[in-house]
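# Overview (structure and organization)
Here is what each chain is made of, one letter per residue.
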Amino acid sequence: MLYSGVSVPEGQHLLLSLLFFTIWAAGSGQLHYSVPEEAKHGTFVGRIAQDLELQLSELVSRLFQLDSKGHGDLLEVNLQNGILFVNSRIDREELCGRSAECSIHLEVIVDRPLQVFHVEVEVKDINDNPPVFPAAQKNLFIPESRLLDSRFPLEGASDADVGANALLTYRLSPNEYFSLDVPPSHEQVKPLGLVLRKPLDREEAPELYLLLTATDGGKPELSGTVQLLITVLDANDNAPVFDRTLYTVKLPENVPIGTLVINPNASDLDEGVNGDITYSFSSDVSPDIKSKFHIDAMSGAITVIGRIDFEESTTYKIQVEAIDKGSLPLAGHCTVLVEVVDANDNVPQLTVKTILLPIKEDSQLGTVIALISVTDLDAGVNGQVTCSLMPHVPFKLVSTFKNYYSLVLDSALDHETVSDYMLMVTARDGGSPSLWATATVSVEVADVNDNAPTFAQPEYTVFVKENNPPGCHIFTVSAHDADSQENALVSYSLVERRVGERALSSYVSVHAESGKVYALQPLDHEEMELLQFQVSARDSGVPSLGSNMTLQVFVLDENDNAPALLGTGTGDVGLAVNQMVPWSVGAGHVVAKVRAVDSDSGYNAWLSYELKTSVGGARSPFRVGLYTGEISTTRALDETDAPRQRLLVLVKDHGEPALTATATVLVSLVESGQTPKTSSRSLAGTASQEGTLVDVNVYLIIAICAVSSLLVLTLLLYTALRCSAAPTQGDCQSGKPMLVCSSAVGSWSYSQRRRQGVCSGEVPPKTDLMAFSPGLPPCPGSVGVGEPPGVLDSPGKPRQPNPDWRYSASLRAGMHSSVHLEEAGILRAGPGGPDQQWPTVSSATPEPEAGEVSPPVGAGVNSNSWTFKYGPGNPKQSGPGELPDKFIIPGSPAIISIRQEPTNSQIDKSDFITFGKKEETKKKKKKKKGNKTQEKKEKGNSTTDNSDQ
């Protein structure tokens, strides 16, 4: 490198040109600059931003930093132009001492992205220090008897500069007695000396004054002088002489005090006092040497009296004198060179500078987290340091420059798994035994919003009773977010949609913080059986993440609708009917039929009919079917019966509390002669009404069948899609009765109900058929009307069912359909065609002769098996009216098979109608015996009830 120096001789300031240049080191990839010491403030060093390929406009935004590693603010960077300049005085001798090389190591750190550059600025030496002798005057005592060419050692001058600036040349003032002996450069341990060229004569010149000048090799040259005062002594013929002029000793550092270094030996050829020798350090020996070593005056042994530290000094050069005791003492000189051997006594020193903490969990691999530097004051192998990191994952150490390392990210981080790491950096030297040092780095992992809130289940089902108070709490949703702090703060909201013509938010609301779901208005089961909506949970992160869950709110029915009477089409709670009955009718003649419906579901819609007794307590000749509403005679009419009978029929549901409606039937007893006219007019009106009703029913049936088919197809497709998405869950749908029709020969209704609730999808939707018997007496040979086991022991209180009866799944309280097959009806094939008598499930019948169709005993609400039994008075028909072995219930995929037993034969469990799943074999065998016994008891009970009525 080229450089120039600056000196200030005699107060005149000379400005020398400064020449700098920048190079890239071949192996390290670092920047190198050079600057002379003592450069003025603001002196240009280099265009560091340009050389590092950094944009000037980005220096401030990228947080440009310059770290001089403990050297203060000697150098600075102008962020406006990117120039590195001298900020304060640089003294090479103060910075590096007498080291041959002197440089300032800089670290340049920029952010976004983080980059670290190493810059070395070499401090060039200038000739700013003149040679200096230990003292301004040197006194020498030389006897006049000394022989020619005798040599007298002198302490040379020292120059704080290095290199050529420290190369000294000596010049002695002109004289005739002495010449200057300067050793060559390769013999630097040999001291400077005066050589006697002419014998001394004390009488001629008792004292001599010489000037010794030392000049360095700098430009301009600087010099130093010492005054030599030579005193000529009287003769002492022989001076002490050492065995060697140079003694070399290797001394380990940290040796204990008192350790012997060496014992130099000198001899004197004189006798007596002139031959006695005393040893001492030369007067030119530095105080530092005298504080570390001691010489015994008598023996000359040199011992250690202070701490010997290799890091403080690697060599000690000791000048030793041996002086005799003559009247004119003579002295001999030698040099002891002590070389200090390094020991591994310095522990490595670690410095950690964190750059990026905390570190985000989505940081890229290779991100620099901290800068680590390590130093060891020992030399050689003892100063060679290696660094290691524990644990190794997910970080690693990357060596960047000499003893500099970067702690970088080596694998992906996850705040939810580990939120902070305690890393231990170990620096170990190569000594034996090796020494090490550790430093702990705490790395905190900052959370990012990478986890959306999750619900425990994707779908929840809630059952809420109708007519709830507004604002009632129906459910609480809860979502969990694996993130932390604001990223884990979850807020809830409704996924708005339209429910019919109204917005979802008019029905329900959700609290944003607690997740509580409230019903904003009373819910009506008859209006809406299922309210399905989604609740969204979103966190507070940026960007926000969220997820949805589905909440199914099933509205359970309550008994809030009273039975409505049919007949006039008005649905009034009170109804009056006039009916004429001839006196000649016998027992069992159907006089009239009261029809009623209930808008509720389940038991709340299961109606029973009861005939109120008169105030007088007289036994009425009429009775009403408990579940059919048919008013019939219990005996033949006689003269004791009043010609006008006022019958009050109480229609009551099975809700809690039960709701009622009352129908009034006015029965007029007339002579047989008056009956035909009335009957003919009644039949004509009935026929007209029947024709109109049949036409309406045909259209209704066609429309209902089309809608039902489309609904079933849609439900099947929806169920298939849901099952394919979530195989572990099933869907059940709900509906309402779709058709109610009646005629003179009977009435029937068909209901397709979907059970609404949480179900697994294993049980298909139930399909029920409801048939009502006509108001005609039973025909001989036809299948009779069956009486269900649930008959009345007393008014308004049903008896316990017999073992052959199970309530249908649709009759279960709280479910959404109460469907049962009424008494056996006659399905007409058409005008003039034969009447086909079909067995149907009966809700109530008083005749023990009738057959029964009922679910098997113990089947519960999910029974898929029904049993039909013929009564003893209804043998199997033959011919055109023969009961078919199979028939299909409209709207149901099931085919009902009927097995018929001969009259008076024992009934077993093989006589049943089955659709859907069969009962398990084990259950059928277990209950078979009990069913037979219960059937016999039932028939006996039924006969008793009929006689009571």
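Residues numbered from 1 in each chain as written. Predicted model: local features only at pLDDT ≥ 70, side-chain atom pairs only at ≥ 80, totals over all residues. Heavy atoms only, no water.

Here is the rule we go by: UniProt positions are given in the numbering used here, feature names are shortened, and annotations may be inferred rather than shown by experiment.
Looking at an unreviewed UniProt entry, one finds the protein chain named Protocadherin alpha subfamily C, 2, with Sciurus vulgaris as its source organism. The record in UniProt for the protein chain states the following under Subcellular location (unreviewed entry): "Cell membrane".

### Some thoughts on the overall build of the protein chain
What counts is decided by this rule: Under the DSSP-based scheme used, a helix requires at least four consecutive residues in state H or I and a strand at least two consecutive residues in state E, with every element numbered from the N terminus. Partly exposed describes any residue whose relative accessible area lies between the buried limit of under 20% and the exposed limit of over 50%, with all areas from a 1.4 Å probe on protein chains only and scaled to the type maximum. Contact criterion: two residues are considered in contact whenever any of their non-hydrogen atoms come within 4.5 Å of each other.
Scanning the protein chain for helices and strands turns up five helices and 64 strands. Counting across all 949 residues of the protein chain, residues that qualify as buried make up 45%. For the protein chain, long-range pairs separated by at least 24 residues make up 66% of all intrachain contacts whose partners lie at least 6 apart in sequence.

### Topic: the sheet that holds strand S13 (residues 192-196)
Threshold: Note: two strands are recorded as paired if DSSP finds a minimum of 2 bridges between them. Here an axis means a line fitted to C-alpha atoms, over the contact stretch when the element is a helix, while the angle between two N-to-C directions is reported on a 0 to 180 degree scale.
Pairing is antiparallel in the open sheet, where three strands are placed in the order S10-S13-S12. Since the sheet does not close on itself, it has two edges, and those belong to strand S10 (151-154) and strand S12 (178-181), each with one partner. Between one strand axis and the next, the sheet turns through 30° on average, direction left out of account. Examined bridge by bridge, S10 and S13 share four bridges and lie antiparallel to one another. Note that in S13 the partner of Arg-151 across the bridge is Val-195.

### Things to note about the pairing of strand S51 (residues 644-653)
In terms of strand pairing, strand S48 (residues 607-612) meets S51 through six bridges, oriented antiparallel. Bridging from a neighbouring strand, Lys-612 pairs with Leu-648 of S51. Joining the antiparallel neighbours S51 and strand S52 (residues 660-670) is a turn of six residues.

### Examining the UniProt feature "transmembrane region" (unreviewed entry) in the protein chain
Feature annotation in UniProt places "transmembrane region" (unreviewed entry) on residues 698-721, given in this structure's numbering. Between the end C-alpha atoms of residues 698-721 the distance is 35 Å, and the span holds 100% helix and 0% strand.

### Some points on the state of the cysteines
Stated precisely, the cut-off is as follows: Here, the term disulfide refers to a pair of cysteine sulfur atoms separated by no more than 2.5 Å.
Counted under the stated rule, the structure contains one disulfide. The disulfide partner of Cys-96 is Cys-102, and the S-S distance across this bridge is 1.9 Å. Taking the torsion about the S-S bond as the criterion, the Cys-96 to Cys-102 disulfide, at about 65°, is right-handed.

### Focus: the confidence of the model for the protein chain
Selection criterion: Values of pLDDT, ranging from 0 to 100, describe the predictor's confidence in every residue of the model.
Looking at the protein chain, pLDDT values average 74 and 69% of them are 70 or higher. Across residues 568-573, where pLDDT falls below 50, the model places nine contacts with residues more than four positions away in sequence or in other chains. Counting interchain partners and residues more than four positions distant, the pLDDT-below-50 stretch residues 932-949 has 34 contacts.

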